[in-house]
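Each chain, written out:
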Amino acid sequence: MKYDVTVIGSGPGGYVAAIRCAQVGLKTAIIEKYSVLGGTCLNVGCIPSKALLDSSEHFHNAAHTFKTHGIELDNLKVNLEQMISRKSGVIKSNNDGIAYLMKKHKIDVYNGLGSFVNKNTIKVTGQDGQEQQIETDKTIIATGSKPVNLPFLPVDKNRIITSTEALSLKEVPKHLIVIGGGVIGLELGSVYARLGAKVSVVEYADAIIATMDRALGKELQRVLKKTLGFEFFLGHKVTGAQVEGDTVKVTAENPKGETITFEGDYCLVSVGRKPYTEGLGLENAGVQMGERGMIAVNDHLETNVPGIYAIGDVVRGAMLAHKAEEEGVLVAEQIVGQKPHINYNLIPGVVYTWPEVAGVGFTEEQLKERGVKYKSGSFPFKASGRAKASMDTDGFVKVLADAQTDEILGVHMIGPRAADMIAEAVVAMEFRASAEDVARMSHAHPTYTEAMKEACLAATENRAIHI
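First, a word on scope: everything that follows refers to the structure included in this document. (Residues numbered from 1 in each chain as written. Predicted model: local features only at pLDDT ≥ 70, side-chain atom pairs only at ≥ 80, totals over all residues. Heavy atoms only, no water.)

**What about the packing of helix α1 (residues 12–23) against helix α9 (residues 321–335)?**
Packed helices, taken two at a time, are described by the angle between their axes plus the distance between the axes. Orientation of α1 relative to α9, taken along the N-to-C sense of each, is 30°, at an axis distance of 8 Å. The angle between α1 and α9 places the two elements in the roughly parallel class. Handedness of the crossing formed by α1 with α9: right-handed. On α9, the residues that touch P12, G13, Y15, V16, A17, R20 and C21 of α1 are A321, A324, E325, G328, V329, A332 and E333. Residue composition of the contact of α1 with α9, grouped by class: nine nonpolar, two polar and three charged. (Axes fitted to C-alpha atoms, helices over the stretch in contact; angles between N-to-C directions. Helix = DSSP H or I, 4+ residues; strand = E, 2+ residues; numbered from the N terminus. Parallel < 35°, antiparallel > 145°, perpendicular 65-115°, else oblique. Left-handed = near helix turned anticlockwise from the far one by under 90°. Contact = heavy atoms within 4.5 Å. Nonpolar A, V, L, I, M, F, W, Y, C, P; charged D, E, K, R; others polar.)

Now the structure itself:
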């Protein structure tokens, strides 16, 4: 078979790239090494973790807030097997949805490991070992990433686990030790803390979610400690772990250089992800690698080999599903001569804990480092009528604007439905709105998004109404 474009990998970047290629008239194929489409995000990442986060949030609310709402329950208990089963159903529904989209857009799907024979020939090796070859004019590499494993932390997938195993545990841990205070560790830690587990987070840096605005991490740490009993050990360097029966012993050095030991029944290793390029045969096509195992690309996401592109987690930038999707669309449109663009500064970051955390644009730390003169406006959810009605008063919205022009430079929020609210900030910043522009727009009352308006008012000559 001969194709205009072949996409290797069917995660959010890959399948979106394939669909957009088909939409612009290119004969398209997609190769997926596993038996189902969707990649890490759909099968063992974004989607299943959100399913468990929702289920565990319902349980936590039933146990802790329903009575205040006038709802009384007896004999409340966790059915973890059903919770995991529902998660699996959500995954299958999405798998089926992507398979339907491939048929709708007449995209040929090949299941097997795709590897380059040369620049324009790709070999597909099925799980049964059978091989077939396809010819392609252009190729988009979208093979994603996998969890980072540390040599002194041997993952046995039983007691010392990654995020993949954490999505399918057979029991609620008594004490879950989470190594890494980033997005994945805090989200999965929240799932099991809500279900009754003690959670201890051991983090090398001096803050959690350290790449986001520092005010967000500080507030999230406070709330998780208050509402779920999280323990945080920041500035701790993990040095090893071993399993003894049903116990995991994790050793670490504290900021004073002293060795301390944590004991739990499960240890989640969530210290980041790395590009997945094994088996691609990149050398056969002459594709050059970049830093930290990533594929080197130019500003058009094209490798050093004309006609071979790479997107998503295998190239530079944040490892986010929506970033990969935007890159997939960009490459498809470039191939047919269109002029798409991506503003990487306006790719939002989200943490799906509760309260949710979201940010876009420059952080306050980045503005200070660059010497940019800015003004800041904040609004706390404890002053929001809507937040009071739903008992979600933790957190705030912070708006950073240029001191002279009032252009919004960054928006950082922690609070109810922040993951959805951040879209308003992205739209405003894409059109280079000022804080006053947003402040003068009508926001429905009562809504959580009023906090965005109030924060913009606060940044505009300290004009917030409700504080």
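Next, the rest of the story.
**Quick notes on the state of the cysteines**
Under the definition given, this model contains one disulfide. Note on cysteine connectivity: C41 is disulfide-linked to C46, with sulfurs 2.5 Å apart. On the S-S bond that ties C41 to C46, the torsion sits near -130°, and the link is left-handed. We classify C41 as buried; its relative accessible area is 14%. Here C21 stays free of any disulfide, with the sulfur of C41 as its closest cysteine sulfur at 19 Å. Taking the relative accessible area as the measure of exposure, C21 reaches 0% and is therefore buried. (Disulfide = S-S within 2.5 Å. Buried < 20%, exposed > 50% of the residue type's maximum accessible area, 1.4 Å probe, protein only.)

**Here's the deal with a nonpolar patch on the surface**
On the surface, a cluster of nonpolar side chains totalling about 250 Å² of accessible area is made up of I71, L73 and L76. Considering the arrangement of structural elements, one finds I71 in the loop between α3 (46–64) and α4 (80–104). Take I71: its relative accessible area is 38%, and that puts it in the partly exposed class. (Patch = residues over 30% accessible without salt bridge, like charges linked within 9 Å, V, L, I, M, F, W, Y side chains within 5 Å. Areas by Shrake-Rupley, 256 points an atom, 1.4 Å probe, with all protein chains shown as cover. Salt bridge = Lys/Arg side-chain N within 4 Å of Asp/Glu carboxyl O.)

**Some points on the sheet that holds strand β14 (residues 259–264)**
Taken in spatial order, the three strands of this open sheet run β12-β13-β14, and their pairing is antiparallel. Both outer strands of the open sheet, β12 (237–244) and β14, are each paired with one neighbouring strand and no more. The average angle at which neighbouring strand axes cross in this sheet is 20°, direction not considered. Bridge count between strand β13 (residues 247–253) and β14: six bridges; the pairing is antiparallel. Among the inter-strand pairings, T251 is bridged to a residue of β14, identified as T261. (Pairing = 2+ DSSP bridges.)

**Regarding helix α7 (residues 214–228)**
Under the 1.5 Å per step criterion, the end-to-end length of α7 is 21 Å for 15 residues, consistent within 8% with the ideal 21 Å. What α7 keeps buried is the set L216, G217, E219, L220, V223, L224 and L228. Each buried residue of α7 sits inside an arc of 165° when the element is viewed along its axis, so together they form one side. For α7, the exposed residues lying more than 90 degrees away from the buried face are K218, K225 and K226. The secondary structure elements touched by the buried residues of α7 are α3, α6 (183–194), β11 (231–234), β19 (356–361), β21 (396–402) and β22 (408–415). Looking one or two residues beyond α7, the residue adopting positive phi is G229, at roughly 75°. (Expected span 1.5 Å × (residues − 1). Arc of directions from axis to C-beta.)

**Observations regarding the pattern of salt bridges**
All told, the structure shown has 24 salt bridges when counted by the stated rule. K123 is the salt-bridge partner of E131, the closest N and O atoms lying 3.9 Å from each other. Between E263 and K249 there is a salt bridge, with the nearest N and O atoms lying 3.8 Å from each other. Remark: K249 occurs in strand β13 and E263 occurs in strand β14; sequence separation between them is 14 residues. Take E263: its relative accessible area is 46%, and that puts it in the partly exposed class. Given a relative accessible area of 24%, K249 falls into the partly exposed group. If you follow the salt bridges from partner to partner, you end up with E219, R222, K226 and D394 in one network.

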